Amino acid sequence: MTSPLTLAHSPCPNDTFVFHAWTEGLLPEAPEARLTFADIDVTNGMAARGELDVLKISYGALPHVLDDYALLPCGGALGYGCGPLVLSAGPAEPTALAGARIAVPSTSSTAYLLFRLWAAEAVPGGVGDITVLPFHEIMPAVRDGRVDAGLVIHEARFTYERHGLHRVADMGEEWEKLTGLPIPLGAIVARRSLGEPLLHRIADTVRASLRAARRTPAASRAHVLRHAQEMEPDVVDRHIGLYVNEFTADLGQDGLHAVRALLDRSARLGLLPALRDGALEMTARL
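Within each chain, residue numbers correspond to sequence positions counted from 1 in written order. Given that the model is predicted, a residue must reach a pLDDT of at least 70 before its local features are reported, and side-chain atom pairs must reach 80 or more before they are shown or counted; all residues, however, enter totals for whole chains, interfaces and linings. Heavy atoms from the whole structure form the basis of all side-chain values; hydrogens and water molecules are not counted.

### Focus: the overall build of the protein
Rules: Starting at the N terminus, helices and strands are each numbered in turn, a helix being any DSSP run of H or I of at least four residues and a strand any DSSP run of E of at least two. Atoms counted for the radius of gyration: C-alpha only. Globule rule: 2.2 Å times the number of residues to the power 0.38. Burial status follows relative accessibility: with a 1.4 Å probe on protein chains alone, a residue under 20% of its type maximum counts as buried, one over 50% as exposed, and anything between as partly exposed. The protein chains shown are the only cover counted for residues, whose accessible areas, like all others here, come from Shrake-Rupley with a 1.4 Å probe. Lys and Arg are tallied as positive, Asp and Glu as negative. Neither His nor the chain termini are counted. Every charge is mapped to an atom, namely NZ of Lys, CZ of Arg, CG of Asp or CD of Glu.
Secondary structure summary: the protein contains 13 helices and 11 strands in total. What you see for the protein is a C-alpha radius of gyration of 18 Å, in line with the 19 Å of a compact globule of 286 residues. With the principal axes as the frame, the protein shows a C-alpha extent of 60 × 45 × 30 Å. Here the protein holds 286 residues, and 55% of them are scored as buried. Surface summary for the protein: the accessible area is close to 12300 Å², and the carbon and sulfur share equals 49%. For the protein, the separation between the mean place of its 26 positive charges and that of its 34 negative charges on side chains is 2 Å.

Here it is, written out as structure tokens:
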């Protein structure tokens, strides 16, 4: 009997929506999978240590794991108008962040990578101390003055005004102005040693799971809400509507171009190692 594949993704609504049909055994032809829920910073570490078969990770972590994992062209988060935000307690210009204390959800995340790319141009002299906090603690820390600004992700873009906070910059808008490309956020990777036929099957399963979710969204509703970390149902719906889009089904050439652009720009600034030749060739075949 073949062992189940080991899979880890976050409890965020876009992930639970996309993977529900697969992980709940609703796809008869799919390989069996054993799911672990973990925040993205944890899954980045899992991938770096080669611990599981299939993981949702940050695109900012991708170059570090491509020797062992292949990027799948489906299931991830990439799009327009969905970037992380930099928030402050009062109205502020980017230049006011010079030397400021900034809370971030991870230093291995795509959000932090985009922040570094933006700050290199927008904040003369650079920011000050970086504090890593769980993402749900960042807005209270900004509101209470424990940090000067915060980098937020996920549903915070829908709720920050409730905390009395102000947007300093939208990393997605800045990226789109700079490149005209969608913003790469979260990637699905699978262990190369599984072999290309099984990698094809996994990619097809992710696509089938997404199709099932879109065809009968009510089927996954309770599952998504149960893991949504106390999000209100309307915020859950907006979250899924924003982060599950055409690039979730297939990166396509535009998506791959955006991924390469992000990683190449980051490598030129010394923020990431350069992609080795052919690192993404398998992605185009899956």
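Next comes the rest of the description.
### Description of the pairing of strand β9 (residues 149-152)
Here is the rule we go by: One requirement defines pairing of two strands: DSSP has to find at least two bridges between them.
Residue alternation in β9 divides its side chains into two sets, A149 and L151 and G150 and V152, and both sets are buried. Across 4 bridges, strand β6 (residues 85-88) lies against β9 in antiparallel orientation. Opposite L87, over in β9, you have G150 as the bridge partner. Pairing between strand β7 (residues 102-104) and β9: 2 bridges, direction parallel. Residue A103 lies in a different strand from β9, and its bridge partner there is G150.

### Topic: helix α10 (residues 233-243)
Note the cut-off: In this context, the arc is that of the directions from the helix axis out to the C-beta atoms. Here, two residues are considered to be in contact whenever any of their heavy atoms come within 4.5 Å of each other.
The complete set of buried residues in α10 reads V235, V236, H239, I240, L242 and Y243. Burial along α10 is one-sided: seen end-on, the buried residues are contained in an arc of 165°. On its buried side, α10 packs onto α1 (13-23), β5 (77-79), α6 (156-159), β11 (183-191), α9 (221-226) and α11 (246-249).

### Section: the layout of surface pockets
Put simply, the rule reads: Cavity means a closed set of points on a 1 Å grid over the protein atoms alone, one where a 1.4 Å probe fits but cannot get out, pocket means an open set with protein on both sides within 12 Å along at least 5 of 7 lines, and lining means a residue has an atom within 4 Å of a point. Grid points are joined across faces, edges and corners, and a volume is the space filled by probe spheres set on the points. Note on residue categories: nonpolar means Ala, Val, Leu, Ile, Met, Phe, Trp, Tyr, Cys or Pro, charged means Asp, Glu, Lys or Arg, and polar means any other residue, Gly included.
Size it by volume and the largest pocket reaches roughly 480 Å³. Those elements that provide at least two residues to the lining of the largest pocket are α1, α2 (40-48), β3 (54-58), α4 (110-122), α5 (135-143), β11 and α10. By residue class, the composition of the lining of the largest pocket is 16 nonpolar, 12 polar and 4 charged. Its volume calculated, the second largest pocket comes out at about 390 Å³. For the lining of the second largest pocket, the secondary structure elements donating two or more residues are α5 and α6. Ranked by residue count, the leading element in the lining of the second largest pocket is α5, at 4 residues. Partitioned by chemical class, the residues of the lining of the second largest pocket number 8 nonpolar, 4 polar and 4 charged.

### Some details on empty space enclosed by the protein
Tallied over the full model, the rule gives 1 cavity of 30 Å³ or more. By volume, the largest cavity is sized at about 40 Å³. Taken together, Y59, L72, P73, C74, G75, G76, A77, L78, G186, F247 and L251 make up the full set of residues lining the largest cavity. In the lining of the largest cavity, the residues fall into 8 nonpolar, 3 polar and no charged.

### A look at the environment of C12
Position of C12 among the secondary structure elements: in the loop between β1 (5-9) and α1. With a relative accessible area of 4%, C12 lands in the buried category. C12 sits 224 residues away from V236 along the chain, and the two C-alpha atoms are 8.8 Å apart. The residues touching C12, leaving out its near neighbours within four places in the chain, are H154 and H239.

### Considerations on the packing of aromatic side chains
We count it as follows: Side-chain rings of Phe, Tyr and Trp (the six-membered ring for Trp) are treated as a pair once their centres are within 6.5 Å; stacked means planes under 30 degrees apart, edge-to-face means over 60, and tilted covers the remaining angles.
Counting across every chain of the model gives 4 aromatic pairs. Their ring planes at 55° and their centres at 6.4 Å tell us that Y80 and F247 sit as a pair that is tilted. Of the two residues, Y80 is situated in the loop between β5 and β6 and F247 in helix α11; the sequence distance between them amounts to 167 residues.

### Considering the pattern of salt bridges
What counts here: Think of a salt bridge as a Lys or Arg side-chain nitrogen and an Asp or Glu carboxyl oxygen that are within 4 Å of each other.
Taken as a whole, this structure holds 14 salt bridges when the rule is applied. In this structure, E232 engages R162 in a salt bridge whose closest nitrogen and oxygen atoms are separated by 3.1 Å. Here R162 lies in the loop between α6 and β10 (166-170) and E232 lies in the loop between α9 and α10, a separation of 70 residues in the sequence. E232 sits in the partly exposed class, given a relative accessible area of 37%. The class for R162 is exposed, based on a relative accessible area of 51%. For E173, the salt bridge goes to R167, with nearest N and O atoms at 3.5 Å. Classification of R167 as partly exposed rests on a relative accessible area of 40%. Here the salt bridges share partners, and the residues they tie into one network are R157, R167, D170 and E173.

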